[in-house]
Amino acid sequence: MKTQRLWFLVHGWVSLPVWILFCFVCITGTIASVSHEITWLANPQARASNPEGLPAQPPSAWISAAQNALPEAQVTGVMRLDDYLVSVVLMASKDAPNTLVYVNPYTARVQEINHGLTFIGFMRSLHGWLLFPWQASYSIGYYLVSALSLLLLTSLVTGLVVHKKFWRSFHTPVLRRGQGLRILSGDWHRLAGVWSIWFIVIISATGVWYLAKAVMWHNDIPLESPPAPLVLSSLPVSADGTPLRMISVQQAVDIALQKMPALAPSWIAAPEHNRDYYRILGGNGAMFYDAYSSAVFINPWDGTIVSTQDPSLMGIVQRLPHLADPLHYGTFGGLASKLVWCFSGLVLSSLSISGFIVWYQRIFRRQRKKYQIPYYTGKTRPTGRNANSGETDWPIAGKQP
Amino acid sequence: MKDRAKTAGSSSTRLKRILYTASGLLLLAPVYFTWSGLNPTPIQPLAQQALGPFTATPTPMDELPPYPQGNGFRKDYSVVFCDDCTQHIRVAHLAIQPNAPTLPENEDGILHGSRYLQHVHATAPAQVVSEDRLWLTIQDWKGQVWQTSWPVSSAGD
C-alpha cells in the first residue's frame, strides 16, 4: 500500500506542477504536426494545384521562375515540400535577406512572395523552444521542452504502476458519464492514458533523444561529420580578377542523382561561401528515415562529389536523428500518419487537463469537506458503497480523520 | 497527528501551486520573445572602411561578450560590402585580436551568406581588451590580400 502511494505521489509531482506548460507544448506540437496541412487549407497560394496531372518540373525551372519574379535577388536554397504544397525558393535581396518564393512545382508558376515568418516555422519554433532565443549552440527553451520528455516518461511508468491491471482498459473500457466531472475526468485519464501508451513511448523516447542532442550541441559534440571546407589553394584563381562562376544548381542536382538515383531532393543549399559545397539532401524512399537522411556534397567549381551520406552506411548515433524526426512528427506515412499523430496529440493534451481536474476536485473537495472522505482502498475499480462516487478510484494523499 | 498530516498535505499542495504558477508564468515568455523579435533593438554599425577597391561595414549581432565555441570563442557580426563587391571576393575572414592576422587556411571566422549581406562568427579572445581590434582580411580573385581593422569595446562592438 505504501509503495503504491509513493508511486502515486511521484505521478502527481512529475505531472501537476507543470501540467499547463506540458499541455501548451502538447497542443502546439499537435498543431505543428499538421501545420503544412493547415497552411494548405488557409492559404490557396501555398497549394500545388495540378489539375492536368503534370509531372513535377526540375528545380532549375522553379529557380528560373523565382529569378524572373525577383531579378535582383540571389538564390540561396530550394525546398521541396509535400506533393500538395508549393516548392519554396529561398532568395536574398538587399532589402529582404530572407525571402521565400512559393513556386508551383508542376507549372513552375510563382504563386506568392513571402518576406516574413511562416505559420509552419512559427509553430515549430513555438513548440520546439517556446521562442526562447538561441545562444550560439543552445536555447533554454529547447532544454525546457525536451526535458518534459523525462517527466512524460516518468508519468507513464508511475501511472501504469498506480493503475493496477491497466490492460483491462483495452478490453473493458470504463467511461462513466452523468456522474460528475471528477468521475468522468478520472475515467478518461486512465482510459486515454492506457490507449496512448504507444504514443507516449514514441514521443517521450524521441524527446529524450532531443534532450541528448541539445546537450551534444551545447558541448560541441558533432552529430554528423560534414566534409571539411575546400582547401583555399584548391580554389581557382582569375588572372584578371574577373569573378569565376560556379556550376548551376541543376548541374549539381544532376550530379547528385547520377550518384544516388533513389535520392528525392527535398533541400538544396547553395554554397554559402567560395570554399563551401552544394548540399543536396533528400529522402531515399525508406519509410522511417526523414527527408534529409541522404545527402551529396558537391564541389561547386568542378562538380566533383566530395562526400555522400547514406543512411544504410551510418552508425547508430548518426541514424538516430534521421529516425527520430519522422517518428516524433508523424511524417513517415504521409497525411494518414500525420492525422493519427494529430489526434493522438489531442488525446495526450487532454491527459494533462483531465489529470489536473481530478487533482483539483480532490484537493478542493477535501478542503470543503474538512477531510471527511474515505481513505484509499487500493481498488482499481469502484466497489461497495462508494461504487458510484468514484472516491475509491484514486489514492487519497491525506489521512482519514 | 491530524494537524501534522494537515500541515504536511497543505505545504505539499502549496509547493505544487507555486511550481504550477511558475510553469504557467513561463508561458508569458513566448509572448515576450515574439514581441522582442518583432521589435528588435537596433545596433549601431561600425564605421565604413575601405580596403583597396572594397568598402565594408560590420555590425555586431548583439552587445554581449564573445561566446565559447569549440576550442575558442566567437563573436557574431553581419558585414555589408559595397554594391557588387562580394562577387569579387575569393575569401574573407573576420577576427578580433591585437595584431593583423594572416589569411587562415581553416574556415574559422570565414564570411558567408549572400552577396547582399554576409554573416560571420568571428574568432575572438575570451575577454576583449583595449589592444584588440576587429580585423577584416579579404583575398580577391587575383589572390591579392587586403586588410583593415576597427577598434572594439570589451563587448566586441
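Residues numbered from 1 in each chain as written. Chains lettered and ligands numbered in written order. Predicted model: local features only at pLDDT ≥ 70, side-chain atom pairs only at ≥ 80, totals over all residues. Heavy atoms only, no water.

## Some thoughts on the overall build of chain A
Just so we agree on the cut-off: What counts as a helix is a DSSP run of H or I of at least four residues, what counts as a strand is a run of E of at least two, and both are numbered from the N terminus. Between buried and exposed lies partly exposed: a residue is buried under 20% and exposed over 50% of the maximum accessible area for its type, with that area taken using a 1.4 Å probe on protein chains only. Contact definition: two residues touch when any of their heavy atoms are within 4.5 Å. Charge assignment in this entry is limited to Lys and Arg as positive and Asp and Glu as negative, and neither His nor the chain termini are counted. We put the charge of a Lys on NZ, of an Arg on CZ, of an Asp on CG and of a Glu on CD.
Assigned secondary structure in chain A consists of 12 helices and 8 strands. Taking all 401 residues of chain A together, the buried fraction comes to 50%. Considering only intrachain contacts with a sequence separation of at least 6, the fraction spanning at least 24 residues in chain A is 61%. Each charge class in chain A was averaged separately, 31 positive and 20 negative side chains, and the resulting centres sit 27 Å apart.

## Describing the confidence of the model for chain B
Basically, it comes down to this: Looking at any residue, its pLDDT shows the predictor's confidence there, from 0 to 100.
Per-residue confidence for chain B gives a mean pLDDT of 88, with 91% of residues at or over 70. Residue range residues 1-5 of chain B is modelled with pLDDT below 50. Its contacts to residues more than four positions away, or to other chains, number 2 contacts.

## Re the pattern of salt bridges
All names here are of chain A. Inclusion rule: The term salt bridge refers to a side-chain nitrogen of Lys or Arg lying within 4 Å of a carboxyl oxygen of Asp or Glu.
Counted by the stated rule, this structure contains 9 salt bridges over all chains. A salt bridge links Lys338 to Glu37, with the shortest nitrogen-to-oxygen separation between them at 2.9 Å. Of this pair, Lys338 sits in helix H12 (residues 334-369) while Glu37 sits in helix H3 (residues 35-42), placing them 301 residues apart in sequence. The exposure class of Lys338 is buried, given its relative accessible area of 3%. Three or more residues joined by partner-sharing salt bridges are found here, namely Glu37, Asp82 and Lys338.

## Side note on the interface of chain A and chain B
A common way to express how large an interface is: the accessible area buried when the components associate. Test applied: The definition of a polar contact used here is a pair of N or O atoms within 3.5 Å, where within protein one atom must be able to donate a hydrogen and the other to accept one, and adjacent residues in sequence count solely through side-chain atom pairs. Under the grouping applied here, Gly and all other residues not named as nonpolar or charged are polar, the nonpolar ones being Ala, Val, Leu, Ile, Met, Phe, Trp, Tyr, Cys and Pro and the charged ones Asp, Glu, Lys and Arg.
Each side of the interface is counted separately: chain A has 52 residues, and chain B has 45 residues. Linking chain A with chain B are 1 salt bridge, by the criterion used here. For the interface between chain A and chain B, the tally reads 16 residue pairs in polar contact (both at pLDDT 80 or more). Those elements that provide at least two residues to the side of chain A that touches chain B are helix H1 (2-15), helix H2 (19-33), strand S1 (74-79), helix H5 (119-129) and H12 of chain A. In terms of residue class, the side of chain A that touches chain B is built from 34 nonpolar, 11 polar and 7 charged.

## A short note on the packing of aromatic side chains
Rule in force here: In summary, the pairing rule links any two rings of Phe, Tyr or Trp, Trp by its six-membered ring, whose centres are within 6.5 Å, and it sorts them by plane angle into stacked for under 30 degrees, edge-to-face for over 60 and tilted for everything else.
Considering all chains together, one arrives at 20 aromatic pairs over all chains under this definition. For the pair Trp19 of chain A and Phe356 of chain A, a centre-to-centre distance of 4.3 Å together with 15° between the ring planes defines the contact as stacked. Note that Trp19 of chain A is positioned in helix H2 and Phe356 of chain A in helix H12, a separation of 337 residues in sequence. Aromatic pair Trp134 of chain A and Tyr142 of chain A: ring centres 5.4 Å apart, planes at 55°, arrangement tilted. Taken together, the ring pairs connect Trp19, Phe356, Trp359 and Tyr360 of chain A together with Tyr20 of chain B into an aromatic cluster.

## Overview of the layout of surface pockets
Note the threshold: The distinction between a cavity and a pocket rests on a 1 Å grid over the protein atoms alone: a 1.4 Å probe fits inside a cavity but cannot get out, while a pocket stays open yet meets protein on both sides within 12 Å along at least five of seven lines, and a residue with an atom within 4 Å of a point counts as lining. Grid points are joined across faces, edges and corners, and a volume is the space filled by probe spheres set on the points.
Roughly 990 Å³ of internal volume is contained in the second largest pocket. Forming the boundary of the second largest pocket are 35 residues, of which Gln74, Val75, Leu244 and Met246 of chain A together with Arg115 of chain B lie nearest the centre. Elements represented by at least two residues in the lining of the second largest pocket include exactly helix H4 (59-69), S1 and helix H10 (249-259) of chain A together with strand S5 (89-97) of chain B. Among the elements that take part in the lining of the second largest pocket, S5 of chain B stands out by supplying 4 residues, more than any other. Residue composition of the lining of the second largest pocket, grouped by class: 19 nonpolar, 12 polar and 4 charged.

## Quick look at the state of the cysteines
Spelled out, the test is: Our working definition of a disulfide is a cysteine sulfur pair at a distance within 2.5 Å.
Taken as a whole and judged by the stated rule, the model has 1 disulfide over all chains. One disulfide in the model links Cys82 of chain B with Cys85 of chain B; its S-S distance is 1.9 Å. Measuring handedness by torsion sign, the sulfur bridge of Cys82 of chain B and Cys85 of chain B sits at about -100° and is left-handed. Of the two residues examined, Cys82 of chain B and Cys85 of chain B, each falls in the buried class. Looking at Cys23 of chain A, it has no disulfide partner, and the nearest cysteine sulfur is the one in Cys26 of chain A, 6.6 Å off.

## Some details on the environment of Ala286 of chain A
As for its placement among the helices and strands, Ala286 of chain A is situated in the loop between strand S6 (278-283) and strand S7 (294-298). For Ala286 of chain A, a relative accessible area of 32% puts it in the partly exposed group.

## Describing a nonpolar patch on the surface
Note the threshold: Each patch is built from residues lacking any salt bridge and having more than 30% relative accessible area; the joining distance is 9 Å for like charges and 5 Å for nonpolar side chains (Val, Leu, Ile, Met, Phe, Trp, Tyr). Areas reported as accessible are Shrake-Rupley estimates using a 1.4 Å probe. Residue values count occlusion only from the protein chains shown.
A contiguous nonpolar patch, built from Trp13 of chain A together with Leu15, Ile18 and Leu19 of chain B and spanning about 350 Å² of accessible area, is present on the exposed surface. Here the element with the most residues in the nonpolar patch is helix H1 (residues 2-25) of chain B; it accounts for 3 residues. Among the secondary structure elements, Leu15 of chain B is positioned in helix H1.

## A look at the packing of H2 of chain A against helix H6 (residues 140-162) of chain A
Residue and element names in this part refer to chain A. Inclusion rule: Helix axes are fitted to C-alpha atoms over the stretch in contact, other axes to C-alpha atoms as well, and angles between N-to-C directions run from 0 to 180 degrees. An angle below 35 degrees is treated as roughly parallel, one above 145 as roughly antiparallel, one from 65 to 115 as roughly perpendicular, and anything else as oblique. Definitions for this section: a left-handed crossing has its near helix turned counterclockwise from the far helix by less than a right angle. A right-handed crossing has that turn clockwise.
Contact pair H2 / H6: the axes reach a minimum separation of 11 Å and the direction vectors enclose 110°. Compared by their axis directions, H2 and H6 come out roughly perpendicular. Crossing of H2 against H6: the hand is left-handed. Of the residues in H6, those in contact with Leu21, Phe22 and Val25 of H2 are Val145, Leu148 and Leu152. Residues that form the contact of H2 with H6 fall into these classes: 6 nonpolar, no polar and no charged.

## Notes on the side chain of Ser139 of chain A
All names here are of chain A. Of note, Ser139 is situated in the loop between H5 and H6. A distance of 3.2 Å separates the side chain of Ser139 from the backbone nitrogen of Gly141, its partner in a polar contact. Apart from residues no more than four positions distant in its own chain, Ser139 is found in contact with Trp129, Phe132, Pro133 and Trp134.

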